Amino acid sequence: MNSVVEYNGDVIVSSNFQSAIMRNSKEGKIKWILADPRDFTTYWQQYLLKPIGEDFEYPYNQHAVEILPDYDHNPDTIDVLLFDNGSSRFLVDEELQKNIKLGKEVEPKLYSRLVHYRINEKNMTVEQIWQYGKERIELFSPSRGDANLLNNGNILGVFNQEFPISQNTVYVEVNQDKDVIWECYASSNLTNNRYLDYRLERLPIYNDDNDYMDIEKEMNNFVPMEVLKKYGYQN
């Protein structure tokens, strides 16, 4: 499990290797499972949520599930946000894998996403409300990743790119229209250009516990170069 969230006396957990999000009572009773049904035997089918709506895709090897506000004011629904890594997205499709091995089809490009799902616990259904990342396959993250709702309504995401030689972390803030507000690429010369991050939280710049900030200290604070130059920091 890579995330556990308390919710109304229960826990909502993310199981990476099962590509499943589950709501359990603290006594261990399963209430529902959000997962591709193809890997679940008959007994578990009773707990699986049924997808509804257009453009629905299941999450695979996901991280960082969090509960969102009650957007639709429906007591039967739960809105959740998560980071869908997508590492095993096409492995569960046995027909596709067979055709790839036979040379009949080309293996699709993997992609990672920030995803908002709405779960109706009464009807046992799940709807995909919003996603960002499918259109940017260069941000594919085989491991780690994060998705956070910000106070301004935007989504903050952490993608861990993987290249043959180097690995970078990409921080990006996007709005509900999928416009990029800002984007930051992090790398490190000290680790052969390998820099991976697991979680990211936005904190206020000024608070009672931090009277001084060394804004020139590399990698501790990301400050736009235009701002540094404006205030006389040239290096």
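This text goes with the structure placed above it.
Here we summarise the structure given alongside this text. (Residues numbered from 1 in each chain as written. Predicted model: local features only at pLDDT ≥ 70, side-chain atom pairs only at ≥ 80, totals over all residues. Heavy atoms only, no water.)

**A closer look at the packing of aromatic side chains**
If you walk through the whole model with that rule in mind, you get six aromatic pairs. Judged by centre distance (4.9 Å) and plane angle (85 degrees), the rings of Y43 and W44 are edge-to-face. Ring centres 5.8 Å apart and planes at 50 degrees place the aromatic pair F56 and Y117 in the tilted group. Note that F56 is positioned in the loop between strand 5 (50-52) and strand 6 (63-67) and Y117 in strand 8 (residues 113-120), a separation of 61 residues in sequence. (Phe/Tyr/Trp six-rings, centres within 6.5 Å; stacked < 30°, edge-to-face > 60°. Helix = DSSP H or I, 4+ residues; strand = E, 2+ residues; numbered from the N terminus.)

**As for helix 1 (residues 94-101)**
Every buried residue of helix 1 is accounted for by L96, Q97, N99 and I100. On an axial view of helix 1, the arc spanned by its buried residues comes to 165 degrees, and they lie on one face. Structural note: helix 1 exposes E94 and K101 on the side pointing more than 90 degrees away from its buried face. At the exit of helix 1 stands G103, carrying a positive phi of roughly 80 degrees. (Buried < 20%, exposed > 50% of the residue type's maximum accessible area, 1.4 Å probe, protein only. Arc of directions from axis to C-beta.)

**A short note on the environment of L68**
Within the fold, L68 resides in the loop between strand 6 and strand 7 (77-84). Sequence separation between L68 and Y117 is 49 residues; the distance between their C-alpha atoms is 9.5 Å. With near-sequence residues (within four places) excluded, L68 lies in contact with D79, V80, L81, H116 and L149. (Contact = heavy atoms within 4.5 Å.)

**Digging into unusual backbone geometry**
Trans peptide bonds make up most of the peptide bonds, and negative phi angles are found at most residues other than glycine. At N8, a residue that is not glycine, the phi angle is positive and equals roughly 50 degrees. Structurally, N8 is set in the loop between strand 1 (3-7) and strand 2 (10-15). In this structure, N61 takes a positive phi of about 55 degrees despite not being glycine. Mapped onto the fold, N61 is located in the loop between strand 5 and strand 6.

**Here's the deal with the pairing of strand 3 (residues 20-25)**
Across the six residues of strand 3, six count as buried, placing the element largely inside the fold. Alternating residues of strand 3 divide into A20, M22 and N24 and I21, R23 and S25, and every residue in both groups is buried. Examined bridge by bridge, strand 2 and strand 3 share six bridges and lie antiparallel to one another. Within strand 3, the position partnered with V13 by the bridge is M22. Connecting strand 2 to the next strand, strand 3, in antiparallel fashion are four residues, including S19 with a positive phi near 50 degrees. One ladder, built from four bridges, connects strand 3 with strand 4 (residues 30-34); its direction is antiparallel. In the strand pairing of strand 4, N24 is matched with I30. Hairpin connection between strand 3 and strand 4: a loop of four residues separates the two successive antiparallel strands, and G28 in this loop has a positive phi of roughly 105 degrees. (Pairing = 2+ DSSP bridges.)

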